[in-house]
Amino acid sequence: MPIAESELILNKDGSVYHLNLLPDHISDTIITVGDPERVPSVSQHFDSIETKIHKREFVTHVGYYKGKRITVISTGMGTDNIDILMNELDALVNVDFVTREARPREEHISLRIIRVGTSGSLQADVPVGSLLASEHAVGLDSLMQFYPLVETGLEVEVATGIQQALQLPYRPYCVRGSDLLREQVGFDMLSGNTLTCPGFYGPQGRVLRLDLRLPHLIEAYQQFRHQSAEGEFRLTNFEMETAGYYALGRMLGHEVLSLNAIVANRTTGEFAANADDIVNDLIIKTLDRI
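Residues numbered from 1 in each chain as written. Predicted model: local features only at pLDDT ≥ 70, side-chain atom pairs only at ≥ 80, totals over all residues. Heavy atoms only, no water.

So, on to the packing of aromatic side chains. In the structure shown here, the tally under the stated rule is two aromatic pairs. Aromatic pair Phe 200 and Tyr 201: ring centres 5.0 Å apart, planes at 80 degrees, arrangement edge-to-face. Each ring, one from Tyr 221 and one from Phe 238, has its centre 6.1 Å from the other, and the planes form 80 degrees; the classification is edge-to-face. Separated by 17 residues along the polypeptide, Tyr 221 in helix α5 (residues 217-223) and Phe 238 in strand β13 (residues 237-239) bring together distant segments of the chain. Here Tyr 221 matches Phe 238 in class, with each residue buried. Above the face of the Tyr 17 ring, Lys 55 is positioned so that its terminal group lies 4.5 Å from the ring centre. The ring of Phe 200 has Arg 206 sitting right over it, with the charged end atom 3.8 Å from the ring centre. (Phe/Tyr/Trp six-rings, centres within 6.5 Å; stacked < 30°, edge-to-face > 60°. Helix = DSSP H or I, 4+ residues; strand = E, 2+ residues; numbered from the N terminus. Buried < 20%, exposed > 50% of the residue type's maximum accessible area, 1.4 Å probe, protein only. Lys NZ or Arg CZ within 6 Å of the ring centre and 35° of its normal.)

Put into structure tokens, the structure is as follows:
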């Protein structure tokens, strides 16, 4: 059955509404960054650039790196933007824009999507300057209240434990990322569990002029532990997108990995003086390994 024009919105040139991209504009391997100004920080390493497209916070460069066609896209901040990004990327490869019909399941195309972003550490042994590949992500945002995400037993246990530890009126969600990409790209990086927050200030325990509803929020994040047959689960770092990536990637059938340049440590109060160098190191490692 064709998807209605109000559900899959296309621009006059046939491109998908927010990303402003046509199916030919993307490759099967995609690097995503939050900051639009970080897109050229990635594409400057390309041997050649074939496409540059810009709409709102979504800046896209497509080119070749050592013979491999790669797309880099900026997303802005927050899982609301990741909802747009993941659904529209999936539509570009798995929906026929002429007939407006989803491709048969046996013809489904799986993208490889690697988030390269900054993050703050929640643990003293995850130091500033380190690179961390997210094994699991826990979402404190509300995005998965609107999707039929299926979680494993461990994921439900972790999410329920965090709900109880933080005294939340709702259950967060927990999702594991791509083991395949983590082994390929993040094999020598720290492996951790990333907390995705729905904001930069209060949800991450920062106090300027507003007090927190939970005054010991950071300590609750840092001290959370869940014991299972698979070992101890703790939260290593936090940011604002990874859980949305992992949940939508699972449901849509894409391989997704979040890589984190640790530029702050909330335990020690340290912020990296060379944050750009840390991010650039992560960019080059990612390009060389994909």
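Still more to cover.
Let us now look at helix α6 (residues 242-252). A large share of α6 lies buried, amounting to eight of its 11 residues. Every buried residue belonging to α6 is among Thr 242, Ala 243, Gly 244, Tyr 245, Tyr 246, Ala 247, Leu 248 and Gly 249, and all of these are buried.

What follows covers the side chain of His 18. For His 18, the location among the structural elements is in the segment before β1 (29-33). Its relative accessible area of 18% is what places His 18 among the buried residues. Looking at His 18, its side chain comes within polar contact range of the side chain of Glu 88, at 2.6 Å. (Polar contact = N/O pair within 3.5 Å; in protein donor to acceptor, adjacent residues only side chain to side chain.)

What follows covers the pairing of strand β2 (residues 48-55). In terms of strand pairing, β2 meets strand β3 (residues 58-65) through seven bridges, oriented antiparallel. Within β3, the residue paired with Ile 49 across the bridge is Gly 63. Between the antiparallel neighbours β2 and β3 lie two residues, among them Arg 56 with a positive phi of about 55 degrees. (Pairing = 2+ DSSP bridges.)

Another point: the environment of Pro 215. Here Pro 215 lies in the loop between β10 (190-196) and α5. For Pro 215, a relative accessible area of 59% translates into the label exposed.

Our next topic: the packing of helix α2 (residues 79-94) against α6. Across the interface, α2 lies against α6 with an axial gap of 9 Å and an inter-helix angle of 25 degrees. It follows from the interaxial angle that α2 and α6 lie roughly parallel. Like other packed secondary-structure pairs, α2 and α6 cross with a definite hand, here right-handed. For the pair α2 and α6, the contacting residues are Thr 79, Ile 82, Asp 83, Leu 85, Met 86, Asn 87 and Asp 90 in the first and Gly 244, Tyr 245, Leu 248, Gly 249 and Leu 252 in the second. Looking at the contact of α2 with α6 residue by residue, the classes come out as six nonpolar, four polar and two charged. (Axes fitted to C-alpha atoms, helices over the stretch in contact; angles between N-to-C directions. Parallel < 35°, antiparallel > 145°, perpendicular 65-115°, else oblique. Left-handed = near helix turned anticlockwise from the far one by under 90°. Contact = heavy atoms within 4.5 Å. Nonpolar A, V, L, I, M, F, W, Y, C, P; charged D, E, K, R; others polar.)

What follows concerns α2. Between its first and last C-alpha, α2 extends 22 Å over 16 residues, near the 22 Å set by a 1.5 Å rise per residue. The buried fraction of α2 is high, at 12 of 16 residues. Turning to α2, its buried residues are Thr 79, Asn 81, Ile 82, Leu 85, Met 86, Glu 88, Leu 89, Asp 90, Ala 91, Leu 92, Val 93 and Asn 94. (Expected span 1.5 Å × (residues − 1).)

Applying the stated criterion across every chain, the model contains 13 salt bridges. Of the charged contacts in the structure, one is a salt bridge between Arg 234 and Asp 125, with a shortest N-O distance of 3.1 Å. Note that Arg 234 is positioned in strand β12 (residues 231-234) and Asp 125 in the loop between β7 (112-121) and β8 (131-139), a separation of 109 residues in sequence. With its nearest N and O atoms 2.8 Å apart, the salt bridge here joins Asp 179 to Arg 182. On the criterion of helical spacing, the pair formed by Asp 179 and Arg 182 is a turn pair, its members being three residues apart in helix α4 (residues 179-185). Asp 179 gets classed as partly exposed once you look at its relative accessible area, which sits at 30%. Judged by its relative accessible area of 13%, Arg 182 falls in the buried class. (Salt bridge = Lys/Arg side-chain N within 4 Å of Asp/Glu carboxyl O.)

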